[in-house]
Amino acid sequence: MKMRAKLRSTHAKLAAMEGKMAMELLEVRKAIEEKQRKLEEAQKVLCLMRAVHIVWPNSATEVLLAGSFDGWTSRVETDMVLDPW
């Protein structure tokens, strides 16, 4: 009789673990789908990006670029090229 009770207990624990594992798998799949969606959005944006040549004729030690591309929230430091022509 003890063996049957122990077997039932083990079976119940196994069923509970399988349920938890299934729930965790669902959460992981949702996270993967969300990351995939964000990756696809980023790839679309990257396809729209273009290199831009900006000439700043005044003397400066650094030139920062800001714009509506990110809602004017940040500044991007530009690379300095001396006399490119």
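(A) Just the pattern of salt bridges, in detail. Under the definition given, this model contains two salt bridges. We note a salt bridge from Arg37 to Glu34, for which the minimum N-O separation is 2.4 Å. Residue Arg37 and its partner Glu34 are located together in helix α1 (residues 2–48), separated by three residues, close to a single helical turn. The class for Arg37 is partly exposed, based on a relative accessible area of 36%. The shortest N-O distance in the salt bridge between Arg37 and Glu41 comes to 2.3 Å. Of this pair, Arg37 and Glu41 are both found in helix α1, four residues apart, which corresponds to roughly one turn of the helix.

(B) Spotlight on a nonpolar patch on the surface. Taken together, the side chains of Val52, Ile54, Leu65, Phe69 and Val76 make up a nonpolar region of the molecular surface, amounting to roughly 480 Å² of accessible area. Position of Val76 relative to the elements: it lies in strand β2 (residues 76–77).

Parameters and conventions
Residues numbered from 1 in each chain as written. Predicted model: local features only at pLDDT ≥ 70, side-chain atom pairs only at ≥ 80, totals over all residues. Heavy atoms only, no water. Salt bridge = Lys/Arg side-chain N within 4 Å of Asp/Glu carboxyl O. Helix = DSSP H or I, 4+ residues; strand = E, 2+ residues; numbered from the N terminus. Buried < 20%, exposed > 50% of the residue type's maximum accessible area, 1.4 Å probe, protein only. Patch = residues over 30% accessible without salt bridge, like charges linked within 9 Å, V, L, I, M, F, W, Y side chains within 5 Å. Areas by Shrake-Rupley, 256 points an atom, 1.4 Å probe, with all protein chains shown as cover.

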